[in-house]
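Close look at the chain arrangement
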Amino acid sequence: MSSHGKGLSSSRLTRISGDFIINILASVVYTFARQIVVFPLLAAHLTDADYGTLLTVAGLANVCTAMIGGSLNNIRLIEDSHYKERGLLGDFNFLCLLGSGVSVVFAAVLWRMFALSPLTAFLLGAYLVVSNLYGYATAFFRLELNFKRTFLCNTVVSAAYCAAALLFATAELWPTVFLAGEGVGLLFVSRTTPFIREPLARTPLLAATIATLLTYMATNLIGNLLTYADRMILYPILGGEGVSYYATASFFGKSASIVMTPIAGVLLGYFAQKDFKASKKLFAIVNGCSLGCLAVFLLGCWLFAPWFTRLLYPSLYESAAPYIFLANLASAIGIAGSMAQPMVLKACSIRWTLLTQVLYGASYLLFAWLWLPGYGLLGFCWASIASSAVRTLALYAIGFAKF
């Protein structure tokens, strides 16, 4: 059988389809807990300004988690076969330890930037350490292609999030909500995978792994700073209220992003297997399917997003309503890029992915600088749409050129 046929065999496609469904269900459970229960509860118990500050701090915390825990997760998937070929085990828990130190420093920076109370800063630091460890450790589910366990883990984590939100939805204790959810997830992964049993040791591959990791961290840093750029750009200009209004307008799209982007994790998990062969045809199929799904999603946004937004955020709806469709269109285009990225990452030098993120960042800042001052939140919506389109088209161009 040809490598192409092997990569697209009916049994393999059936299994991938099943994993997609399980992973989507896992994401739906997690998204329901955070987007339908946790954030509306927090919004209901905080002022618009305090909620906007929470969203901004939480967004920056997510940047840290994605840069450290998320990068380690993906590099483990990419480099795992090299370690197995040489019979080596180590490096990654050592890198997790270093990442925990960076997490504490980052929490201290946020403490000073936003004048958080000492208790809030301490809880935020604990959350960041736990979240980065959990973000890395879930790589073991993907290495084993055990997405049923991912579903079970997300279910347990979601229950912990909801319970904590009922108890700790205050301006000072809100990091406890996220600490509880991610802490339960870390405990689950530690008990069901070899994560904590791997040695805290260094191997001859450490230097090469760190070099790849730093490049990927830079890529992730840019990408995730831009994911939360709405909060970082709007907060100093329009304050916490502006952040609250835009976050409410984009709620539907951000929820879909949480549901859809883990599918990229399924893809990368399969691409990490040595016997899986990608091709231009497969690249076209994956991205064609994602665009079809996103077209249906945009129809759903047009029909249902205003109703859901009014239901979950009644106090913020009127101010957010004019921007709902455009904010969700930007999210949809961003999801399309996220679906294209795993195959580009696996088949091409990581520097190409970094290049697309730099291009994305530059276009985002340029368009925001041009349109935000004169058109306010409406201009910011168009800046988000245009920059997301630049990134997605760049990933498509690289993918079709390289396969």
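Residues numbered from 1 in each chain as written. Predicted model: local features only at pLDDT ≥ 70, side-chain atom pairs only at ≥ 80, totals over all residues. Heavy atoms only, no water.

Broken down by element type, the protein carries 16 helices and zero strands. Across the 403 residues that make up the protein, the buried fraction comes to 57%. A fraction of 85% describes how many contacts in the protein between residues 6 or more apart in sequence connect residues 24 or more apart. When the accessible surface of the protein is totalled, it reaches about 16900 Å², and 70% of it is carbon and sulfur. (Helix = DSSP H or I, 4+ residues; strand = E, 2+ residues; numbered from the N terminus. Buried < 20%, exposed > 50% of the residue type's maximum accessible area, 1.4 Å probe, protein only. Contact = heavy atoms within 4.5 Å. Areas by Shrake-Rupley, 256 points an atom, 1.4 Å probe, with all protein chains shown as cover.)

Right, let's talk about a nonpolar patch on the surface for a bit. A cluster of nonpolar side chains, namely Leu299, Trp302, Leu303, Phe304, Trp307, Phe308, Leu311 and Phe325, defines an oily patch on the protein surface of about 900 Å² accessible area. Ranked by residue count, the leading element in the nonpolar patch is helix α13 (residues 280–312), at seven residues. (Patch = residues over 30% accessible without salt bridge, like charges linked within 9 Å, V, L, I, M, F, W, Y side chains within 5 Å. Salt bridge = Lys/Arg side-chain N within 4 Å of Asp/Glu carboxyl O.)

Packing of helix α7 (residues 147–168) against helix α8 (residues 175–192) brings their axes to within 8 Å, and their N-to-C directions diverge by 155°. Overall, the two elements α7 and α8 adopt an arrangement that is roughly antiparallel. Between α7 and α8 lies a crossing of right-handed hand. Between α7, through Arg149, Leu152, Cys153, Val156, Val157, Ala160, Tyr161, Ala164, Ala165 and Phe168, and α8, the contact on the second element is made entirely by Thr176, Val177, Phe178, Ala180, Gly181, Glu182, Val184, Gly185, Phe188, Val189 and Thr192. In the contact of α7 with α8, the residues fall into 15 nonpolar, four polar and two charged. (Axes fitted to C-alpha atoms, helices over the stretch in contact; angles between N-to-C directions. Parallel < 35°, antiparallel > 145°, perpendicular 65-115°, else oblique. Left-handed = near helix turned anticlockwise from the far one by under 90°. Nonpolar A, V, L, I, M, F, W, Y, C, P; charged D, E, K, R; others polar.)

Another aspect to go through is the packing of aromatic side chains. The final tally for this structure, using the stated rule, is 18 aromatic pairs. Judged by centre distance (5.0 Å) and plane angle (80°), the rings of phenylalanine 283 and phenylalanine 400 are edge-to-face. In this pair, phenylalanine 283 sits in helix α13 while phenylalanine 400 sits in helix α16 (residues 350–402), placing the two residues 117 residues apart along the sequence. Taking the relative accessible area as the measure of exposure, phenylalanine 400 reaches 36% and is therefore partly exposed. An aromatic cluster is built from Tyr30, Phe39, Tyr127, Tyr161, Trp174 and Phe178, whose rings are joined through pairwise contacts. The ring of tryptophan 111 carries the charged tip of arginine 112 above its face, separated from the ring centre by 5.6 Å. (Phe/Tyr/Trp six-rings, centres within 6.5 Å; stacked < 30°, edge-to-face > 60°. Lys NZ or Arg CZ within 6 Å of the ring centre and 35° of its normal.)

With that out of the way, let us pick up the nonpolar core. The nonpolar side chains of a soluble globular protein tend to be buried with one another. Ranked by internal contacts, the top residues of the largest apolar core, which has 112 residues, are Leu42, Tyr51 and Leu124. The dominant element in this core, judged by the number of residues it contributes, is helix α3 (residues 48–85), at 15 residues. Setting aside anything within four residues of it in sequence, one finds tyrosine 51 in contact with Phe39, Leu42, Ala43, Leu46, Ser244, Tyr313 and Leu316. (Core = buried A, V, L, I, M, F, W, Y, C linked by side-chain atoms within 4.5 Å.)

Over its 18 residues, α8 runs 26 Å from end to end, which matches the ideal 26 Å to within 8%, given 1.5 Å per residue. Within α8, burial applies to Pro175, Thr176, Val177, Phe178, Gly181, Glu182, Gly185, Leu186, Phe188, Val189 and Ser190. (Expected span 1.5 Å × (residues − 1).)

Detailed reading of the predicted coordinates is not advisable wherever pLDDT falls low. Predicted confidence across the protein gives a mean pLDDT of 84, with 90% of residues reaching 70 or more. For residues 1–8, every residue scores under 50 in pLDDT, and the model assigns this stretch twelve contacts once sequence neighbours within four places are set aside. (pLDDT = per-residue confidence, 0-100.)

To continue, consider helix α5 (residues 118–137). With 20 residues, α5 should reach 28 Å at 1.5 Å per residue; the first-to-last C-alpha distance of 29 Å fits that figure. Most of α5 sits inside the fold, with 16 of its 20 residues counted as buried.

The subject of this paragraph is the side chain of serine 250. Take serine 250: it is sitting in the loop between α10 (229–249) and α11 (251–260). Residue classification places serine 250 among the buried positions, given a relative accessible area of 1%. In this structure the side chain of serine 250 is engaged in a polar contact, spanning 3.4 Å, whose partner is the backbone oxygen of alanine 247. Excluding residues within four positions of it along the chain, serine 250 makes contact with Ala327, Asn328 and Ser331. (Polar contact = N/O pair within 3.5 Å; in protein donor to acceptor, adjacent residues only side chain to side chain.)

A few words now on the pattern of salt bridges. Between side chains of opposite charge, pairing is possible as soon as their charged atoms come close. All told, the structure shown has five salt bridges when counted by the stated rule. Residue lysine 84 pairs with aspartate 80 through a salt bridge whose shortest N-O separation is 3.0 Å. Note that lysine 84 and aspartate 80 are positioned in helix α3 at a spacing of four residues, about one turn of the helix. Aspartate 80 sits in the buried class, given a relative accessible area of 8%.

Now for the packing of α3 against helix α4 (residues 92–114). Running from N to C, α3 and α4 cross one another at 165°; their axes reach a closest spacing of 11 Å. By the angle class used here, α3 and α4 are roughly antiparallel. Judged by the sense of rotation from one axis to the other, the crossing of α3 with α4 is right-handed. Contact residues: Thr53, Thr56, Val57, Leu60, Ala61, Cys64, Ile68, Leu72, Ile75, Arg76 and Tyr83 in α3; Phe92, Leu95, Cys96, Gly99, Val102, Ser103, Phe106, Leu110 and Phe114 in α4. Here the residues of the contact of α3 with α4 sort into 15 nonpolar, four polar and one charged.

On to the environment of tryptophan 352, then. Looking at the secondary structure, you find tryptophan 352 in helix α16. Owing to a relative accessible area of 33%, tryptophan 352 belongs among the partly exposed residues under this scheme. Between the alpha carbons of tryptophan 352 and glycine 399 there is a distance of 10.0 Å; along the sequence they are 47 residues apart.

Turning to the environment of leucine 95, a few remarks are in order. Inspection of the secondary structure puts leucine 95 in helix α4. Under the relative-accessibility criterion, leucine 95 is labelled buried at 7%. When the C-alpha atoms of leucine 95 and arginine 202 are compared, they prove to be 9.3 Å apart, with 107 residues separating the residues in sequence. If sequence neighbours within four positions are ignored, leucine 95 has contacts with Leu72, Leu206, Thr209, Ile210 and Leu213.

Take unusual backbone geometry next. The backbone of aspartate 91 shows a phi angle near 75°, a positive value even though the residue is not glycine. On the secondary structure map, aspartate 91 appears in the loop between α3 and α4. Backbone geometry at alanine 115 places phi at a positive 55°, although glycine is not the residue there. You can see alanine 115 is positioned in the loop between α4 and α5. When its relative accessible area of 68% is taken as the criterion, alanine 115 is described as exposed.

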